[in-house]
Amino acid sequence: MGIRVYVTGRVAVEVDGQVVIDERRFRGKQGRLLFAYLVCERSRPVSKEELASVLWPDEQSDAWEAALSALTSRLAALIATEGLEDLGMSFSRQFGQYQIKLPSDGWVDIEAGNSALDRAESAVRNNQARNALGPAAVAASIARRPFLPGVDGFWRESLQGKLDRQLVRALDCLGEMQLEIGEPQTALESALEAIKLDPYRERSHRALMRAYAATGNRAKAVAAYHEFRELLASEVGTDPEPETEALYLEILG
């Protein structure tokens, strides 16, 4: 199974199915943030100034270099203590730049979620929604995990926003699959969850309309359209897309 790194939920490193570094060993939110950032940006060296802007976005004292040195030294010792360098995981600190490297078969949960979502959306685009179940479920499961709870700052908020959008897209794929296999009630639940996360996403509203219609409740499907149309008119000043209008007329007919 090799090295698996988790940055959503509880930050951890796993080797062959066994947790070798759990969240407690990062000693606080800045240790978790440092590790998660370097893992997600591991394709390039990161300067100490960039790390400081991520770790202390609002208040950088004159002592930030000493604090960063302590954090990175602790991380380097943690990786070395567990023998992860022998498995291809390394942490370099040279000329004021820092970089974590993983072996070629290293696995990172947030990247696995992105890859799974790509496969799910590809299946739906190719009219093979039944094949979206596994990857869409994986993407949704990863996106639902809390991302660095207790940590503040622009980078964490940006990544959390990406995970939220990933969850909405995964729910859309699940809804398509659930309708295809004849589970409209479950599709309805997926659509409602997606709309709660993103009230303006037309694809999710169309999924909601289809799900209501598939349950035999055309009245609710029509009402869902009118509620969405009123939302767009009052909040955005636009009308629904032609595809949404066409679906509404199809349900009416």
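Placed above this text is the structure.
Here we summarise the structure given alongside this text.

**As for the sheet that holds strand E6 (residues 97–101)**
The three strands lie next to each other as E4-E6-E5, forming an open sheet whose pairing is antiparallel. With partners counted over all chains shown, the strands left at the sheet margins are strand E4 (46–47) and strand E5 (90–94), one partner each. Relative to E6, E5 runs antiparallel, the two being bridged by five bridges. Bridge pairing links Ser92 to Gln99 in E6. Docked against the sheet, helix H3 (residues 64–81) engages E5 and E6, running at close to 145 degrees with respect to E5.

**Things to note about the nonpolar core**
Counting residues in each nonpolar core, the largest one holds 61 residues, and the members touching the most others are Phe35, Leu38, Leu75 and Trp155. In terms of residue count, the dominant contributor to this core is helix H6 (residues 154–180) (ten residues). Setting aside anything within four residues of it in sequence, one finds Trp155 in contact with Leu33, Ala36, Tyr37, Cys40, Glu41, Val54, Phe147 and Leu148. The next biggest cluster of nonpolar side chains, apart from the first, holds 16 residues, and it includes Ala191, Ala211, Val222 and Leu247.

**What about the sheet that holds strand E1 (residues 3–6)?**
In spatial order, the strands read E3-E2-E1-E7; together these four strands make up an open sheet with mixed pairing. Edge strands, defined here as strands with exactly one partner in the open sheet, are strand E3 (18–21) and strand E7 (107–108). Where E1 and E7 come together, two bridges link them in parallel fashion. Across the sheet, the residue bridging to Val5 is Val108, located in E7.

**Topic: helix H10 (residues 242–252)**
Of all the positions in H10, only Thr244, Leu247, Tyr248 and Ile251 are classed as buried. Angularly, the buried residues of H10 cover 100 degrees about the axis, an arc narrow enough to put them on a single face. Those residues of H10 that are exposed and aimed more than 90 degrees away from the buried face are Pro242, Leu249 and Glu250.

**Comments concerning the packing of helix H8 (residues 202–214) against H10**
Contact geometry for H8 and H10: axes closest at 10 Å, N-to-C directions at 10 degrees. Relative to H10, H8 is oriented roughly parallel. Across from Glu202, Arg206, Met209, Arg210 and Ala213 in H8, the residues of H10 making contact are Glu243, Thr244, Leu247, Tyr248 and Ile251. The residue inventory of the contact of H8 with H10, partitioned by class, reads five nonpolar, one polar and four charged.

**Looking at the pattern of salt bridges**
Counted according to the given criterion, the structure contains 17 salt bridges. One network of salt bridges, in which partners are shared, links Glu202, Arg206, Glu241 and Glu243.

**A few points about the packing of aromatic side chains**
The geometry of an aromatic ring pair is captured by two quantities: the separation of the ring centres and the angle between the planes. Scanning the model with the defined rule gives six aromatic pairs in all. Ring centres 6.3 Å apart and planes at 25 degrees place the aromatic pair Phe91 and Tyr98 in the stacked group. Its end group placed over the ring of Trp107, Arg4 keeps NZ or CZ at 3.7 Å from the ring centre.

**Let's talk about helix H4 (residues 109–125)**
When the terminal C-alpha atoms of H4 are compared, their 24 Å separation across 17 residues agrees well with the 24 Å that a helix rising 1.5 Å per residue should span. Regarding H4, the residues found buried are Asp109, Ile110, Ala112, Gly113, Ala116, Leu117, Ala120, Glu121, Ala123 and Val124. Along the axis of H4, the buried residues cluster in a sector spanning 165 degrees; they form a single face. Summarising the contacts, the buried residues of H4 are in contact with E1, helix H1 (29–40), E7, helix H5 (133–144), H6 and H8.

**Structural notes on the pairing of E6**
Relative to E6, E4 runs antiparallel, the two being bridged by two bridges. From the neighbouring strand, Val46 faces E6, where its bridge partner is Tyr98.

The rules behind each value
- Residues numbered from 1 in each chain as written.
- Predicted model: local features only at pLDDT ≥ 70, side-chain atom pairs only at ≥ 80, totals over all residues.
- Heavy atoms only, no water.
- Pairing = 2+ DSSP bridges.
- Helix = DSSP H or I, 4+ residues; strand = E, 2+ residues; numbered from the N terminus.
- Contact = heavy atoms within 4.5 Å.
- Axes fitted to C-alpha atoms, helices over the stretch in contact; angles between N-to-C directions.
- Core = buried A, V, L, I, M, F, W, Y, C linked by side-chain atoms within 4.5 Å.
- Buried < 20%, exposed > 50% of the residue type's maximum accessible area, 1.4 Å probe, protein only.
- Arc of directions from axis to C-beta.
- Parallel < 35°, antiparallel > 145°, perpendicular 65-115°, else oblique.
- Nonpolar A, V, L, I, M, F, W, Y, C, P; charged D, E, K, R; others polar.
- Salt bridge = Lys/Arg side-chain N within 4 Å of Asp/Glu carboxyl O.
- Phe/Tyr/Trp six-rings, centres within 6.5 Å; stacked < 30°, edge-to-face > 60°.
- Lys NZ or Arg CZ within 6 Å of the ring centre and 35° of its normal.
- Expected span 1.5 Å × (residues − 1).

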